[in-house]
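# Coordinates in review
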Amino acid sequence: MKFSKEKNWKSAGLKVINDHKGKKKAYESYLKIDPHIADEYVKFISKHPNAVYISWDSERKRFVA
């Protein structure tokens with residue numbers, strides 16, 4: 001699924017995050033650590049809403065499931 005505007009992927013990602021207790025907690029902790037990583041988390045969730053066991057790959061600078 002590809003989104004054309006930033007608001008579309010951001011709102012879709014935040015909807016999934018807010019509906020899931022664990023993803024919301026992870027998002028809030030990423031916001032405290034680094035807002036850029038939190039933004040990447042929202043992008044990842046918007047593209048992969050059913051992903052589980054999501055982690056940050058520090059070498060590739062992206063999230064993987």
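These lines cover the structure that appears in this document, whether it is placed above or below. Quick caveat, the model's predicted, so the values are computed rather than measured.

Let us now look at the pattern of salt bridges. Summed over the entire model, instances satisfying the criterion amount to 4 salt bridges. Note that Asp-57 and Arg-60 form a salt bridge whose closest N and O atoms lie 3.8 Å from each other.

Attention now moves to helix H3 (residues 35–47). For H3, with 13 residues, the first-to-last C-alpha span of 19 Å sits near the 18 Å given by 1.5 Å per residue. Looking at H3, one finds that the buried residues are Ile-37, Ala-38, Tyr-41, Val-42, Phe-44, Ile-45 and Ser-46.

With that settled, the discussion passes to the packing of aromatic side chains. For the structure on display, the rule yields 5 aromatic pairs. Taking 5.2 Å as the distance between ring centres and 50° as the angle between the ring planes, the aromatic pair formed by Tyr-30 and Tyr-41 counts as tilted. Taken together, the positions of Tyr-30 in helix H2 (residues 21–33) and Tyr-41 in helix H3 put the pair 11 residues apart, joining distant regions of the chain. Here Tyr-30 and Tyr-41 have matching classes, each one buried. Judged by centre distance (6.3 Å) and plane angle (40°), the ring pair of Phe-44 and Phe-63 falls under tilted. Of this pair, Phe-44 sits in helix H3 while Phe-63 sits in strand S2 (residues 62–64), and the two are 19 residues apart along the sequence. In textbook terms, an aromatic cluster arises when at least three aromatic residues are bridged by ring pairs, as seen for Tyr-30, Tyr-41, Phe-44, Trp-56 and Phe-63.

Once that is clear, we can look at unusual backbone geometry. Here Tyr-53, not a glycine, exhibits a phi torsion of approximately 55°, which is positive. Given a relative accessible area of 77%, Tyr-53 falls into the exposed group. At Lys-61, a residue that is not glycine, the phi angle is positive and equals roughly 60°. Here Lys-61 shows up in the loop between strand S1 (55–57) and S2.

The terminal C-alpha atoms of H2 lie 19 Å apart, and with 13 residues this matches the ideal 18 Å at 1.5 Å per residue to within 8%. Regarding H2, the residues found buried are Lys-23, Tyr-27 and Tyr-30. Each buried residue of H2 lies within a common arc of 65° when the element is viewed along its axis, so the set occupies one face. Relative to its buried face, H2 has exposed residues pointing more than 90 degrees away, namely Lys-21, Lys-25 and Lys-32.

Criteria and thresholds
Residues numbered from 1 in each chain as written. Predicted model: local features only at pLDDT ≥ 70, side-chain atom pairs only at ≥ 80, totals over all residues. Heavy atoms only, no water. Salt bridge = Lys/Arg side-chain N within 4 Å of Asp/Glu carboxyl O. Helix = DSSP H or I, 4+ residues; strand = E, 2+ residues; numbered from the N terminus. Expected span 1.5 Å × (residues − 1). Buried < 20%, exposed > 50% of the residue type's maximum accessible area, 1.4 Å probe, protein only. Phe/Tyr/Trp six-rings, centres within 6.5 Å; stacked < 30°, edge-to-face > 60°. Arc of directions from axis to C-beta.

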